[in-house]
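# Structural features, examined
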Amino acid sequence: MRAVVYRGPNQVEVTDVPDARVEEPTDALVRITTTNICGSDLHMYEGRTAVEEGKVLGHENMGIVEEVGDAVGRVQVGDRVSVPFNIACGTCRNCTAGWTSFCLRTNPTEGMEGAAYGYANMGPYDGGQAEVLRVPYADFNLLELPEGTDHENDFTMLSDIFPTGWHGTELAGVSPGDDVAVFGGGPVGLMAAHSAMLRGAARVLVVDKEPDRLRLAEEIGAQGIDFSAGDPVEQIMDATLGRGVDSGVEAVGYQAHDPSGEEHPELVLDNLVQVVRATGGIGVVGVYVPQDPGANDEGAKQGRIGWDYGTFFTKGQHVGTGQAPVMRYNRQLRDLIVAGRARPSFLVSHELGLEEAPDAYARFDAREDGWTKVLLKPAA
């Protein structure tokens, strides 16, 4: 089958790989109808992770069930499904507590809890930027979708970025009537802004410098804050008459940078501490890693980031972090889409065939204007 394979920094290849197959009785095979390029894929693409060469990429996947193992009873051949990026067993302590993103059984990597498709340090699982994907523990992991093709570009966001954006607002404690600051206007940040408004936020301020991202934020009713035009802390404090916001979402991660492009991994955390009011909440869903050999300073190379914890403590703020447990939210978000309340497809800029993935990666990574979210359609 054809698949997108990592070949080294700034290089992916679409090539033939061994066909996905049922390996355990609890497996299912899903023929992919839509698979997305995620902003977090770019960490691997740029060579800023420990992903091994030859890895099939892709953790935002949906499609049609093509084959099931002998022990699969709920899921049936022909079902249209969303595949959460978390690979969870369903029975360990964390899974039964709803933390499927930290499954204790599915990732053999030492020191890592939680597994995912096609991602560095998240287990040996191939990704879904391919024609077919093997899904372990299929009865537990797969989310059934309405038959047909309606809402395809909305449902494809259910595997990761929509639940991750929602998770950011959950960790931050967004409540009706809140003012919310979202740092990062990429796909996850825009999903966090969309989620905050669905939760009843009075005002959402989205911080970025890319014009296309800021335009999308404005189109969904948020207020864009261009950090290349001035200190975002000052802009947000002015916009809130000095009160600050009730909560904030960090949707940038460890490659945060200033307008010149120089990286400061603590930058967004420090800004959020400044703009979130005393006792307010911060949700961190931007990716941070235990080691980053490409970092600018020795501490950050070891995952040690010096941020303004003293002010954070003094203000009595709270913070939540970590990969989103997709299954905690995906059914409800699916139903919001079906009801017409949620429309995460607003950020889709390109629908391309699988063979166009190398060019799409390069353009998305370069932040070319208009390349906000790329969907790959293997059947195209």
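Since we're looking at a predicted model, the values are computed, not measured.

Secondary structure assignment for the protein chain yields 13 helices and 17 strands. The C-alpha radius of gyration computed for the protein chain amounts to 20 Å, which stays within 12% of the reference 21 Å derived for 380 residues, consistent with globular compactness. Going through the 380 residues of the protein chain one by one, you find that 56% of them count as buried. For the protein chain, the exposed surface amounts to about 15200 Å²; the carbon and sulfur share of it is 47%. One way to put it: in the protein chain the 30 positive side-chain charges average out to a point 4 Å from where the 57 negative ones average out.

Once that is clear, we can look at the nonpolar core. In terms of nonpolar packing, the biggest core is built from 40 residues, with L158, F162, V204 and L347 touching the most fellow members. Ranked by the residues each element gives to this core, the list is headed by helix α6 (residues 187-198), at 7 residues. Excluding residues that lie within four positions of it along the chain, F162 makes contacts with M157, M191, H194, S195, L198, L333, I337, A342 and P344. Formed by 27 residues, the second largest nonpolar core is a distinct cluster that contains V12, L352, A360 and F364.

What follows deals with the pairing of strand β5 (residues 80-83). Burial along β5 is two-sided: the residues R80 and S82 and V81 and V83 are all buried. Judged from the 2 bridges that link them, β5 and strand β9 (residues 143-144) form a sheet pairing that is antiparallel. Bridge assignment links V81 to a residue of β9, and that residue is E144.

Mapped onto the secondary structure, K373 falls in the loop between α13 (357-365) and β17 (374-377). By relative accessible area, K373 is classed as buried at 0%. Once residues within four sequence positions are removed from consideration, K373 is found in contact with N36, I37, C38, E60, M157, I161, P187, L347, V348, S349 and H350.

About the cut-offs
Residues numbered from 1 in each chain as written. Predicted model: local features only at pLDDT ≥ 70, side-chain atom pairs only at ≥ 80, totals over all residues. Heavy atoms only, no water. Helix = DSSP H or I, 4+ residues; strand = E, 2+ residues; numbered from the N terminus. Rg over C-alpha atoms; globule rule 2.2 N^0.38 Å. Buried < 20%, exposed > 50% of the residue type's maximum accessible area, 1.4 Å probe, protein only. Areas by Shrake-Rupley, 256 points an atom, 1.4 Å probe, with all protein chains shown as cover. Lys, Arg positive; Asp, Glu negative; His and termini not counted. Charge placed at Lys NZ, Arg CZ, Asp CG, Glu CD. Core = buried A, V, L, I, M, F, W, Y, C linked by side-chain atoms within 4.5 Å. Contact = heavy atoms within 4.5 Å. Pairing = 2+ DSSP bridges.

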